[in-house]
Amino acid sequence: MIALPAATATAATSHNARMAAAATGLDDPAKKEIAMELVSSAENSSLNWKAQYKYIEDIDDGRGYTAGIIGFCSGTGDMLDLVELYSAREPGNVLQKYLPALRKVNGSDSHAGLDPNFTRDWKTAASETAFKNAQNDERDRVYFNPAVKQGKADGVGTLGQFIYYDAIVMHGDGGDPTSFSSIRKKALAKAKPPSQGGDETKYLNAFLDARVWAMKQEEAHSDTSRVDTEQRVFLKKGNLNLNTPLDWKVYGDPYHIG
């Protein structure tokens, strides 16, 4: 083994450290699992997010049916995208026949063409590995990957990336005033992110302030406990890496990850 000169060895160590840092974040498998449990505590009042593939109901929020591990909605297009992906991979699946109806109800809360058997067939599909994989892939494409990418670009750590992820899950990333991009824009008007030399905690508080405002614009999202007694708890403790153990509450219910 040839010994490296001290300067070269230091440079190599520094490079390795930078590479390791670049690879860490919410996309670390253990952190991603935590993120899914946190979202599930708010969306489904359970840490068992893998039990939610079969979940489906109309929660009267104007988005039609909400279903699956991340709350795909018949009224917002992401459920349609999911079923299209599933049908491309598994032609003739039990949900494929609903594609015309899903296209028609997109943008509304209508169940036209879906009732009475869509919820039953959704649960049937959710027993199939292919449908679970489709849910995972659409979650990553539409929500998880964009949140992590933007979080890393803004220089925020694992907690900040989760804060982004939870926001994009609830609000989407369209052009309306309560979308993720609009929330971020409001935050940027109040504080600089670390990528611009700003203080991470100050910036994330500004983002959460904007997020709370967005949630209060809609009755179905007006309970802000997933911010107040979850995300702000971690932020106040300075847990920017979202390290365990984690203790929080959503809707008054306590949760723990050891």
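Refer to the structure above for everything that follows.
Here's a quick rundown of the structure.

A short note on the nonpolar core
When a protein is soluble and globular, its nonpolar side chains tend to lie buried together.
Item 1. If you look at the biggest cluster of nonpolar residues, it comprises 69 residues, and the most contacted ones within it are Met79, Leu95, Phe118, Trp122, Tyr165, Phe207 and Leu242.
Item 2. Not counting the four nearest positions on each side in its chain, tyrosine 165 is found in contact with Leu26, Ala35, Met36, Val39, Ile70, Arg139, Tyr143, Phe144 and Ala147.

Structural notes on the sheet that holds strand β1 (residues 56-58)
Item 1. Strand order in the open sheet made by the 3 strands is β1-β2-β3, with antiparallel pairing throughout. Of all strands in the sheet, those with a lone pairing partner are β1 and β3 (72-73), marking the two edges.
Item 2. Two elements, β1 and strand β2 (residues 65-67), share 3 bridges in a ladder whose sense is antiparallel. The residue bridging aspartate 58 from the neighbouring strand is tyrosine 65, located in β2.
Item 3. The sheet strands contacting helix α5 (residues 118-125) are β1 and β2, and the helix crosses β1 at an angle near 155 degrees.

Here we look at the pairing of strand β4 (residues 246-250)
Item 1. Alternating residues of β4 divide into Leu246, Trp248 and Val250, all buried, and Asp247 and Lys249, none buried.
Item 2. Note: β4 against strand β5 (residues 253-257), 5 bridges, orientation antiparallel. Among the inter-strand pairings, leucine 246 is bridged to a residue of β5, identified as isoleucine 257.

Side note on the environment of aspartate 115
Item 1. Following the sequence through the fold, aspartate 115 ends up in the loop between α4 (99-105) and α5.
Item 2. With 71 residues separating them in the primary sequence, aspartate 115 and lysine 186 have C-alpha atoms 40 Å apart.
Item 3. There is a polar contact of 2.5 Å between the side chain of aspartate 115 and the side chain of tyrosine 65.
Item 4. Among the polar contacts made by the side chain of aspartate 115, one reaches the side chain of histidine 111 at a distance of 3.0 Å.

A few points about the side chain of asparagine 239
Item 1. The residue asparagine 239 is located in the loop between α10 (225-236) and β4 in this model.
Item 2. Setting aside chain neighbours within four positions, we find asparagine 239 in contact with Leu159, Phe234 and Leu246.

Re the packing of aromatic side chains
Item 1. Tallied over the entire structure, the rule returns 12 aromatic pairs.
Item 2. With centroids separated by 5.0 Å and ring planes inclined at 40 degrees, the aromatic side chains of tyrosine 164 and phenylalanine 207 adopt a geometry described as tilted. Within this pair, whereas tyrosine 164 is found in helix α7 (residues 158-171), its partner phenylalanine 207 is found in helix α9 (residues 200-215), the two being separated by 43 residues in sequence. Here tyrosine 164 and phenylalanine 207 have matching classes, each one buried.
Item 3. Here a set of aromatic residues connected by ring pairs shows up, and it is made of Tyr65, Tyr86, Tyr98, Phe118, Trp122 and Phe131.
Item 4. Above the ring of phenylalanine 144, the side-chain terminus of lysine 32 is found at 4.6 Å from the ring centroid.
Item 5. Just above the ring of tryptophan 213 sits the side chain of lysine 186; from NZ or CZ to the centre is 4.2 Å.

A word on helix α3 (residues 78-89)
Item 1. A rise of 1.5 Å per residue sets the reference length of α3, with its 12 residues, at 16 Å; its end C-alpha atoms lie 17 Å apart and thus fit the reference within 8%.
Item 2. Inspection of α3 places Asp78, Met79, Leu80, Leu82, Val83, Tyr86 and Ser87 among the buried residues, and these make up the whole buried set.
Item 3. Looking at the buried side of α3, the elements it contacts are β2, β3, α4, α5 and α6 (129-153).

Criteria and cut-off values
Numbering of residues begins from 1 in every chain and follows the order in which that chain's sequence is written. With pLDDT at 70 or above as the cut-off, local features in this predicted model cover only qualifying residues; side-chain atom pairs require 80 or more to be listed or tallied, and sums for whole chains, interfaces and linings still use all residues. To get the side-chain values, take all heavy atoms of the structure and skip hydrogens and water. Remark: nonpolar core denotes a set of buried residues (Ala, Val, Leu, Ile, Met, Phe, Trp, Tyr, Cys) joined through side-chain atoms within 4.5 Å. Each residue gets one of three labels from its accessible area relative to the maximum for its type: buried under 20%, exposed over 50%, partly exposed in between, using a 1.4 Å probe on protein chains only. Any two residues whose heavy atoms approach within 4.5 Å at even a single point are treated as in contact. The pairing criterion is simple: DSSP has to find at least two bridges between the two strands. By the criteria applied, helices consist of DSSP H or I runs no shorter than four residues and strands consist of E runs no shorter than two, each listed in order from the N terminus. In this analysis an axis means a line fitted to C-alpha atoms, helices contributing only their contacting stretch, and an angle means the value between N-to-C directions, from 0 to 180 degrees. Here a polar contact is taken to be a pair of N or O atoms separated by no more than 3.5 Å, where protein atoms must pair a possible hydrogen donor with a possible acceptor and residues adjacent in sequence count only if both atoms sit in side chains. Only rings of Phe, Tyr and Trp enter the pairing, Trp through its six-membered ring, and a pair is recorded when the two centres are within 6.5 Å. The plane angle decides the type: under 30 degrees is stacked, over 60 is edge-to-face, the rest tilted. Any Lys NZ or Arg CZ that is within 6 Å of a ring centre and within 35 degrees of that ring's normal is treated as a charge sitting over the ring. A helix is expected to span 1.5 Å for every residue after the first.

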